[in-house]
Each structure stands twice: as structure tokens, then as C-alpha cells.
Amino acid sequence: MNNDIKTQINALTQALNQHNHSYYVLNNPTISDYAYDELMQELLTLENEHPEFKDPDSPTQRVGSDLSNDFTQITHQYPMLSLGNTYNESEIADFYQRVSRSIGDDIEYVCELKYDGTSISLSYENGKLKHAVTRGDGEKGDDVTSNVKTIKSIPLKLKGDYPANFEVRGEIFMPIAEFLKTNELREIEGEAPFANARNAAAGSLKMKKSAEMAKRKLDCLLYYMLGSELPANLHSQNLEKARSWGFKIPEHYKICKSLAEIYDFINYWDKERYNLPFEIDGIVIKVNDINLQNELGYTAKTPRWAISYKFKAEEACTQLLSVDYQVGRSGRITPVANLKPVQLAGTTVKRASLHNADIIAQLDLHEKDMVYVEKGGEIIPKITRVEMSSRHPMSAPVRFIAHCPQCNTPLIRPDGEAAHLCPNDKVCPPQLKAKIEHFVSRKALNIDSFGEQVVDLLFEKGLVRDVSDIYHLNYDNLIGIARLSDDEENKTLFSFKEKSTQNLLHGIAQSKQVPFANVLFGLGIKHVGATVAKTLTKTFHTIDKLSNATLDELTALDDIGPKVAQSVIDYFTDSNNSALIDRLKASGLKFESEAPTQNNGKFNGLSFVISGTFATFSRDELKNTIEHNGGKNLSGVSAKTSYLVAGENTGPSKLAKAEKLKVKIISETDFIDLLEH
Ligand code: IVH
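Residues numbered from 1 in each chain as written. Predicted model: local features only at pLDDT ≥ 70, side-chain atom pairs only at ≥ 80, totals over all residues. Heavy atoms only, no water.

As for the site of the ligand
Now for step 1: Near the ligand lie 13 residues; those nearest to it are Glu112, Leu113, Ser119, Glu171 and Tyr223.
Now for step 2: Contact between the ligand and Leu113: a nitrogen atom at 3.0 Å from a main-chain N or O atom of the residue.
Now for step 3: Contact between the ligand and Lys114: an oxygen atom at 3.3 Å from a side-chain N or O atom of the residue.
Now for step 4: Within the complex, the protein chains bury 91% of what would otherwise be the 530 Å² of accessible surface of the ligand.
Now for step 5: Here the shell around the ligand is built from residues that sort into 7 nonpolar, 2 polar and 4 charged. (Near = heavy atom within 4 Å. Polar contact = N/O pair within 3.5 Å; in protein donor to acceptor, adjacent residues only side chain to side chain. Areas by Shrake-Rupley, 256 points an atom, 1.4 Å probe, with all protein chains shown as cover. Nonpolar A, V, L, I, M, F, W, Y, C, P; charged D, E, K, R; others polar.)

Considerations on the nonpolar core
Now for step 1: If you look at the biggest cluster of nonpolar residues, it comprises 51 residues, and the most contacted ones within it are Leu458, Ile470, Leu504 and Leu536.
Now for step 2: When contributions to this core are tallied by element, the ones reaching two or more residues are α12 (429-440), α13 (452-460), α15 (498-511), α16 (516-522), α17 (530-540), α18 (543-547), α20 (562-573) and α21 (575-586).
Now for step 3: Not counting the four nearest positions on each side in its chain, Leu536 is found in contact with Leu520, Val528, His541, Leu546, Leu554, Leu557, Ile560 and Val568.
Now for step 4: Cys111, Tyr223, Phe278 and Trp305 belong to the second largest nonpolar core, which has 35 residues in total. (Core = buried A, V, L, I, M, F, W, Y, C linked by side-chain atoms within 4.5 Å. Buried < 20%, exposed > 50% of the residue type's maximum accessible area, 1.4 Å probe, protein only. Helix = DSSP H or I, 4+ residues; strand = E, 2+ residues; numbered from the N terminus. Contact = heavy atoms within 4.5 Å.)

Some details on the environment of Leu661
Now for step 1: Tracing the backbone through its elements, the reader meets Leu661 in the loop between α23 (652-660) and β23 (664-666).
Now for step 2: When neighbours within four sequence positions are excluded, Leu661 is seen to be in contact with Val637, Ser638 and Ala639.

Comments concerning the sheet that holds strand β22 (residues 643-646)
Now for step 1: Strand order in the open sheet formed by 4 strands is β21-β20-β22-β23, with parallel pairing between adjacent strands. Both edges of this open sheet fall to β21 (632-634) and β23, since each of them pairs with a single strand only. Across the sheet, the mean angle separating the axes of adjacent strands is 30 degrees when strand polarity is ignored.
Now for step 2: Sheet analysis places strand β20 (residues 607-611) next to β22, joined by 4 bridges and oriented parallel. From the neighbouring strand, Val609 faces β22, where its bridge partner is Leu644.
Now for step 3: Lying over the sheet, helix α22 (residues 619-628) contacts β20 and β21, oriented at roughly 175 degrees with respect to β20.
Now for step 4: Relative to the sheet, α23 contacts β20, β22 and β23, its axis offset from that of β22 by approximately 145 degrees. (Pairing = 2+ DSSP bridges. Axes fitted to C-alpha atoms, helices over the stretch in contact; angles between N-to-C directions.)

Observations concerning the side chain of Asn238
Now for step 1: One can find Asn238 in helix α8 (residues 235-245).
Now for step 2: Taking the relative accessible area as the measure of exposure, Asn238 reaches 2% and is therefore buried.
Now for step 3: Apart from the residues within four sequence positions on either side, Asn238 is in contact with Met225, Leu230, Pro231, Ala232 and Ile290.

Considerations on the pairing of β22
Now for step 1: In β22, alternate side chains face the same way, and those of Tyr643 and Val645 on one face and Leu644 and Ala646 on the other are all buried.
Now for step 2: Pairing of β22 with β23 involves 3 bridges; the strand directions are parallel. In the sheet register, Leu644 faces β23, and the bridge partner there is Ile665.
Now for step 3: In terms of handedness, the path from β22 via α23 over to β23 forms a crossover that is right-handed. (Right-handed = clockwise from strand over helix to strand, strands pointing away.)

As for the packing of helix α3 (residues 89-103) against helix α9 (residues 259-272)
Now for step 1: Interaxial distance between α3 and α9 falls to 11 Å at its minimum, and their mutual angle equals 140 degrees. It follows that α3 is oblique to α9 by the angle criterion. Regarding α3 and α9, the two cross each other, and that crossing is right-handed. Touching Glu89, Ile92, Ala93 and Tyr96 of α3 are Leu259, Ile262, Tyr263, Ile266 and Asn267, all from α9.
Now for step 2: Taken together, the residues of the contact of α3 with α9 break down into 7 nonpolar, 1 polar and 1 charged. (Parallel < 35°, antiparallel > 145°, perpendicular 65-115°, else oblique. Left-handed = near helix turned anticlockwise from the far one by under 90°.)

Brief notes about the environment of Ala214
Now for step 1: In this structure, Ala214 sits in helix α7 (residues 210-214).
Now for step 2: Residue class for Ala214 comes out partly exposed when judged on its relative accessible area of 25%.
Now for step 3: Distance in space between the C-alpha atoms of Ala214 and Ile151 is 6.9 Å, their sequence separation being 63 residues.

Regarding the packing of aromatic side chains
Now for step 1: Enumeration according to the criterion identifies 22 aromatic pairs in this entry.
Now for step 2: Ring centres 6.0 Å apart and planes at 85 degrees place the aromatic pair Tyr309 and Phe311 in the edge-to-face group. The same class applies to Tyr309 as to Phe311, namely buried.
Now for step 3: An aromatic cluster is defined as three or more aromatic residues linked by ring pairs; in this entry it consists of Tyr115, Phe173, Tyr223 and Phe278.
Now for step 4: Arg186 extends its terminal NZ or CZ atom over the ring of Phe194, reaching a point 4.1 Å from the ring centre.
Now for step 5: A cation over an aromatic ring shows up here: Arg465 above the ring of Phe459, its NZ or CZ 4.1 Å from the ring centre. (Phe/Tyr/Trp six-rings, centres within 6.5 Å; stacked < 30°, edge-to-face > 60°. Lys NZ or Arg CZ within 6 Å of the ring centre and 35° of its normal.)

Some remarks on the pattern of salt bridges
Now for step 1: Under the criterion given, the structure shown has 26 salt bridges.
Now for step 2: One salt bridge connects Glu240 with Arg243, and the closest N-O pair in it is separated by 2.8 Å. Taken together, the residues Glu240 and Arg243, both in helix α8 and 3 residues apart, mark about one turn of the helix.
Now for step 3: You can call Glu240 partly exposed: its relative accessible area is 33%.
Now for step 4: Between Asp466 and Arg583 there is a salt bridge, and its shortest N-O distance comes to 2.7 Å. You can see Asp466 sitting in the loop between α13 and α14 (475-478) and its partner Arg583 sitting in helix α21, a full 117 residues away along the chain.
Now for step 5: Sharing partners across several salt bridges, the network here consists of Lys433, Asp456, Glu460 and Arg483. (Salt bridge = Lys/Arg side-chain N within 4 Å of Asp/Glu carboxyl O.)

A look at the side chain of Asp369
Now for step 1: In this structure, Asp369 sits in the loop between α11 (357-363) and β15 (370-375).
Now for step 2: Overall, Asp369 belongs to the buried group, its relative accessible area being 1%.
Now for step 3: Side-chain polar atoms of Asp369 contact the side chain of Arg391, separated by 2.8 Å.
Now for step 4: Sequence-distant contacts of Asp369, that is, excluding residues within four places in its chain, are made with Thr318, Gln319, Leu320, Asp364, Val386, Arg391 and Ser395.

A word on the packing of α20 against α21
For any two helices packed against each other, the geometry is given by the interaxial angle and the distance between the axes.
Now for step 1: Remark: α20 packs on α21, axes separated minimally by 5 Å, with the N-to-C direction vectors making an angle of 75 degrees. The angle between the axes of α20 and α21 places the two elements in the roughly perpendicular class. Residues Tyr571, Phe572 and Thr573 of α20 pack against Ser575, Asn577, Ser578, Leu580 and Ile581 of α21.

As for the pairing of β15
Now for step 1: Burial runs high along β15: 5 of the 6 residues are buried.
Now for step 2: Summarising the sheet, strand β12 (residues 314-327) and β15 pair through 6 bridges and their orientation is antiparallel. In the strand pairing of β15, Cys317 is matched with Tyr372.

Dropping the structure here:
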């Protein structure tokens, strides 16, 4: 019996330690908060009953810490506590009754949303932001002031009648739209995506360069004020005061006077949370009166005057049908579970991400298992656990593939990385196709009408195997080729007719005018995103200079660290890449930045307003041409405007104003004339 308990304690300790590591160190949680709390509770109970088996370093002995070595640490003036968690109405009722028993019946509560980000403590002195400190271990946290100053919603200077010294606490988070954008960008730049918005916020806050962190567009909502001279005796009034000083205080709180009102608030937000632009993971219930808060006091880790209610992430149980392995542009293999379709949080779920081999092993996933899928903080549903009781006794564990599903090359797993890679980057079809898709994409060569279907078709027909082949396509080899569906009906999915052929050839011809920075981005060098490509072309001007740059020269640039620099050097060391660049050069692509012509350009001293739509050029192309030739783009017509370039549907007010001020109105053809003569 005792041996059993010891084994149980060991297993729980090990599991919790591993989940802690995934969460705090790898920023990649492997279990839901609910399941984590359950494991922790189980361990606490066993340890209480059998203290003799308790590991001195048990995970129950510490609160997770977000301290990192790169920041100075600051001791919190008031410790940053956490909240007791509840998961059902009866636990809320227990809290409510505890409070009533201690201080009486007629109590006002404030119900707030529980923002799912990373907590922050801001201290203000004489109306100025002094320090921004993370929670850390609760006693001391990291000084992230310079990063936090880039968050636009945090006031650096207050207005109104604020106390000389106080602290305000809140949550820094990444809005959902921003989270999706950030992950899209990371995918392009060959970085692993963040598992959820919370990790994205926490990771961003710890970035070394505040200019980089500023690009992440974090936000902050404040929900708690501390200090010896607070303006009011009610928590809700303090929040309203803080709003008047310039803080972003959430609108969604409610004063509740009964248990029923608290339940109503919970039930309302359990559904409505999906319509918020940010993630919440529960609600927080606080006693409003600060004197009563003080009367109730604190336990070692949590206040007795507040509690959180955690929403149960919506969960569904379904069967694992199979596992697909997708191959990304850089060869990264992503396992994806195909599931028997199931309804979850308003959508039908058919697939769930399995991330990597470790996750499959941790889940102990077997073929045809019944699995639970959850849509919690993550946008893509994930499998949280297996229903062991329904496992078929003969079912085999899911084994991560050893060979590339597309080209059969043995996979590798670089040291210290969680992902498997297919190293056959010169031949493996999905890698080659993804490289072509990247090359023609909007931020790269921007070739319109070159979607996924076209890439597939041209690749299958052997017309485009690498991006340099694009510039050898012609009318004769495109017209009439078609892509058929795989099913028996052999339906035509796409075919090149007269118009689509002309469009594609026109797009390809135009792409030769795309600036060097876009071409460089299009090459798909690992870690070289659109911004890095711009930095590189601004400094090195030509591909030859860039290909000879040293590690020191590269790392001396803003935004470029050793990882990016090494990747650039590796790219140019590969003779296949130099040969590809030579072929692209021969086709007339730009491998040099435009010489700065602003001072001796054709349009020096002239200003233009572009309005309407044009037959040959896009508005952006016209604007770029103007700038490249030393001219200025203006948004509105004024007496200083030299030309109004009027396309189709030019705004009538612009036309009228130009006529009145005798500004010359020219067409697109006049504009080209002006440029060329
Ligand atoms: S009050 C002393 N209010 O939840 C209590 N916390 O475990 C101070 N959180 O670390 C916290 N929304 O980061 C409070 N409306 C809210 C909150 C909130 C999110 C976070 C906070 C804290 C954790 C509690």
C-alpha cells in the first residue's frame, strides 16, 4: 500500500516538473490549466497524508517563477499574490459563505474578467511611471520598464489628482488579432509559433530589445491599486479614479450583491468570451470594500477577499483516425491528428495539432484512441489527454515517422530542438513548392494570380522546379495545361486559358521591377523576414556585397543577432544558392537597391496627389516611382500640389479642388510621358 503511494507521489512529481518546464522555460504548455491544477491538488493531498514521501524539491513547494537572468530584479513593495481558483458554483458558494460568516451578509462584490496574459506591477511617483516589474516569484520580479514603456495604453505621465506614490497592477496581453499576425510572421521567418496568446505576451515582454518588443503591439488592462493614500474606500471607485488619471481600466466589471448575480455574470461571460478581442480564462470576484478586504486578510499565498473562477475550456471527446505529417518550407515536420468530426465551441473540429514527437510521447497516444480535444487559450484545438478506459488492448502506440512522408529521406532532429526535419531541401516536393509559394507571395515578388493551385500545376508538369524557372515560362508552354482532381471524375480544378495565361505572364514581367529587399525576402533565407531583408539591403545595397559580409558586419546591424547572421552566411556559402541567384540575375531581377535619386531625380521639387484606380500601375507602384525620382506624395490637393494624377473614379472633391487651385490634372499616360521625356 505504502509503496503504491510512494510510486504515485513520484509519478505526480515527475509529471508536474515536466509540465512546469514546458510552461515556464519552453513557453509551450503541454497540459490545460485545469488538468495541471488537478494534478497539483492530487499531489498536495497525498503529501499531506504522507509527509514521509514528500520530495524536498516537490513542485508543491514553489510557485512557478518567470524570473529571467537578463533583467535586473526588483523586490515588490507589496508581494504579488495569486488567487485561489474555483471551478464550479459550489466552490463559489463556499467562498461566499466564508466571507459572510466572517464579516456579515450585506456585502458588495466586484466581478471582473480574468485576463489571460502576464501580470505586471506598475509603480508611479509624482505621476510618472517609475518601474514596471513582472510577478517573478511573487517577492521580486524582473524590471521590464523599458519594454513596458513601448505599450501605448500604459500612461507614462498621469493627469488629475493622483497620489504621490502608488502601485497599480494589471495584465499585459496580446490581442487575438495581433497573436494570429505574430504567429503568421514567425512561420514566414522560420520561428516556432507561440502556443497561445499568453505565451506570446510573456515572451514579448522578455525581449532584449524594446524596439523589437514595440512591434508586438501588446496591450494592458489594470485591475488593482495599492498604496497608503488611495483615493477611495471602494475598489470600484479606485478603478474609476485610475481611469480618470489615464489608465486603461476594463469596462466589463459589475457590482454584484448576491450569489445569484455572481452566477449570472459567470454564465454570461462563459458564452460571451468568444466575442472579446482578447482571451480570458475565467472571472475574478473581489470584495469591494477595502476595509473589509483588510479585515478578511490573506493566507500565505492568496487573499481571502478574492477568488477566481476558471472557465472549463470547452472539451469534446472523439476518436483519433490517423496522424498526418506535414512538411514545411524549411523541412520542419508537423504532426496533425485527423479526428472523427466533433462539435466544439461552435465549430466542427476535424483536426488537431500535435506539435512534435515529444507531445505525442507525453500524451502516450495510441492508434484509434479516444481523445479529448480542447479549445482553450489556443486557437487551434489540441489534444489534452487520452481516454484510457476506451483504449483497445491491442492498439499500438503512435510512432513518429522516421522518414519524410513525401520524399522518404531519413528525418533528422537537430540537438536541442523539438522538431524533426527533412534535410532533403533540394528535392523534397513540399519544401520546393513552399519555397515557390513564398517567392511569389505578396511581400516578396508579389506575382498576382500565382496561387497554390498554379504552383502545384506548374510543379507537377515539371515547368517550375525552382524559382528561376518562373522566368522561362512562356505562352506556349502554359496555354491549355490543366490540373485535374484526384477523384474518379477527373474534374478540372484549374486550367490555363487565354486570360489566365496573359495575367500570369504579365505578373511575372512586372515582378522584375520589384525592389531588391522584396527579392531578398523571396529567396527564403532562414530567419530573414521582410524587415530583416530591408535592413540588409539598406546597408549592403548589392547582393555581391551582402554575400561577402562577415559575421561581425552583419551582427553590427540593428535587429540582426548571431542566429540571423549565421543563417545569411550559410546561405551564401552554398554554391547551389549562388547558382540560383546567377540565374535570377540573368532573368533581370533586381539585386541592387535603387540608387538614392531623391536629390537629382526627374521629379525633384514636384509634388503629386494620386487618386482613383489605374490601368497599368497600382497606386503603390506610382507612389514608389514618384519617390524614386525625387518627387513627393501628398494625400490631399493644395496650392502646393504640382500634379493630380487622376485615374478612374477619382474623388470629385479632389478634382474640384485641383481645378479651383489650377493644379494640373494628368492621366496615367501623361504621367508616364512626364517620366520618360
Ligand atoms: S486580482 C491579490 N484581477 O490572475 C490579487 N487578477 O492568480 C491580485 N488576473 O496573477 C490579482 N485578471 O495576473 C486580479 N481582474 C483580475 C485579473 C487577475 C487576471 C491574473 C493576475 C494574477 C492571477 C491570479
